[in-house]
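Spelled out, the chains give:
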Amino acid sequence: MPADPATSLLCPVCRDPLGFSDAAGRSLVCPAGHSFDAAKQGYFNFLVGKGTVFEADAADMVAARFDFLSAGHYRPLADAVAERAAAALAGDAAGSPGTVLDAGTGTGHYLRAVLDRLAHDGVSAGAIGLDISKFALRRAARLNPDAVNVVGDVWQPLPLADHAVDVVTVVFAPRNAPEFARVLRPGGRLIVVTPRPGHLAEVAGQAGMLGIDPAKDERLAASLGGHFAALSTDHLDVPLSLSPDDVARLALMGPAGHHLDRGALASLAATLPPLTAVSARFRISVFEPRH
């Protein structure tokens, strides 16, 4: 049987263990009586108190990401992440059920690929998807009803017990190295995806997307080095052939979407050819915690 990820959850108010109080898995409660009911879409909101100071992705940004990823444009990346996660979980000598945390899960497409790969391989695992955007979690909870989907801020203490998960995946999302190291078991794996220089360069400038920092490699190593040791780094290039609507979705679904002029983006799409060749360039890095 898959691991029950709810047994790893901590109350965001008092940090006591959480558990389901109903057979349907719609209500989480801690011994102190703090309770969290699932939204009708199936996710739990753990942003308590003052919530977060960070801006969550808006509904149209999430819709653009969902449509773009559902079209399969980044499927080779999802498969590559799933392959590494499956290898890490299959390597558990004890053979006990594992747990995957997808930090910054977004619409849940990458976690879905991981869970499908594990099921294909006959590997048992539970899953937790964490994201700051309730709009994203609405999509993720529908796509991954077999995961526990939680609205939370990755920069705050994660609502997970020490050494509770076997794999953490972070695809284009923030990286809280101390917390990732705390929740990973010894021998666990952190899988990080970042863009490489030249990523989407054919359309990035005209679509108003953010540029890629040429020192991104060094900054990644510096941010994780005190808590993680690097195991491998691989490059993945994916050639894309995008319609004007795909280009607009690509621009809107990323961090630049918070500031882009939607009207200007629609005007740009109207000037593009039927198909535009674009190069997606990813870096996939695997780390282990320095426990």
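Structural data are supplied above this passage.
Just so it is clear, the model here is predicted, and its values are computed rather than measured.

1. Describing the packing of helix α2 (residues 75-90) against helix α3 (residues 109-121)
(1) Moving on: Contact geometry for α2 and α3: axes closest at 8 Å, N-to-C directions at 50°. Considered as vectors, α2 and α3 are oriented oblique to each other. Between α2 and α3 lies a crossing whose hand is right-handed. Counted together, Arg75, Leu77, Ala78, Val81, Ala82, Glu83, Ala85, Ala86 and Leu89 of α2 and Tyr110, Ala113, Val114, Arg117, Leu118 and Asp121 of α3 form the full contact between these two elements.
(2) Moving on: Of the residues contributing to the contact of α2 with α3, the split by class is 11 nonpolar, no polar and 4 charged.

2. Looking at the sheet that holds strand β8 (residues 165-171)
The pairing of strands in a sheet happens through backbone hydrogen bonds and is either parallel or antiparallel.
(1) Moving on: Pairing in this open sheet of 8 strands is mixed, and the strands run β4-β7-β6-β5-β8-β9-β11-β10 from one edge to the other. Strand pairing shows two members of the sheet lacking a second neighbour, β4 (44-45) and β10 (228-242), which therefore form its edges.
(2) Moving on: Across 2 bridges, β4 lies against strand β7 (residues 148-151) in parallel orientation. Looking at β7, one finds that Asn45 is bridged to Val151.
(3) Moving on: Against the sheet, helix α4 (residues 134-143) contacts β6 (125-131) and β7, and its axis sits at roughly 175° relative to β7.

What counts and how
- For every chain, the first residue of the written sequence is number 1, and numbering continues from 1 along that sequence.
- Residue-level local features of this predicted model are given only where pLDDT is at least 70; pairs of side-chain atoms are given and counted only at 80 or more, and the full residue set underlies all totals for whole chains, interfaces and linings.
- Calculated side-chain values reflect all of the structure's heavy atoms, with hydrogen atoms and water omitted.
- Working convention: axes come from line fits to C-alpha atoms, limited for helices to the stretch in contact. Angles between N-to-C directions cover 0 to 180 degrees.
- Strands are runs of DSSP state E lasting at least two residues, helices are runs of H or I lasting at least four, and both sets are numbered from the N terminus onward.
- Roughly parallel here means an angle under 35 degrees, roughly antiparallel means over 145, roughly perpendicular means 65 to 115, and every remaining angle is called oblique.
- The sense of a crossing depends on the near helix, which, turned anticlockwise from the far helix by less than a right angle, makes the crossing left-handed and, turned clockwise, makes it right-handed.
- Throughout, a residue-residue contact means that at least one pair of heavy atoms, one from each residue, lies within 4.5 Å.
- Three categories are distinguished: nonpolar for Ala, Val, Leu, Ile, Met, Phe, Trp, Tyr, Cys and Pro, charged for Asp, Glu, Lys and Arg, and polar for the others, with Gly belonging to the last.
- The criterion for strand pairing is that DSSP finds at least two bridges linking the strands in question.

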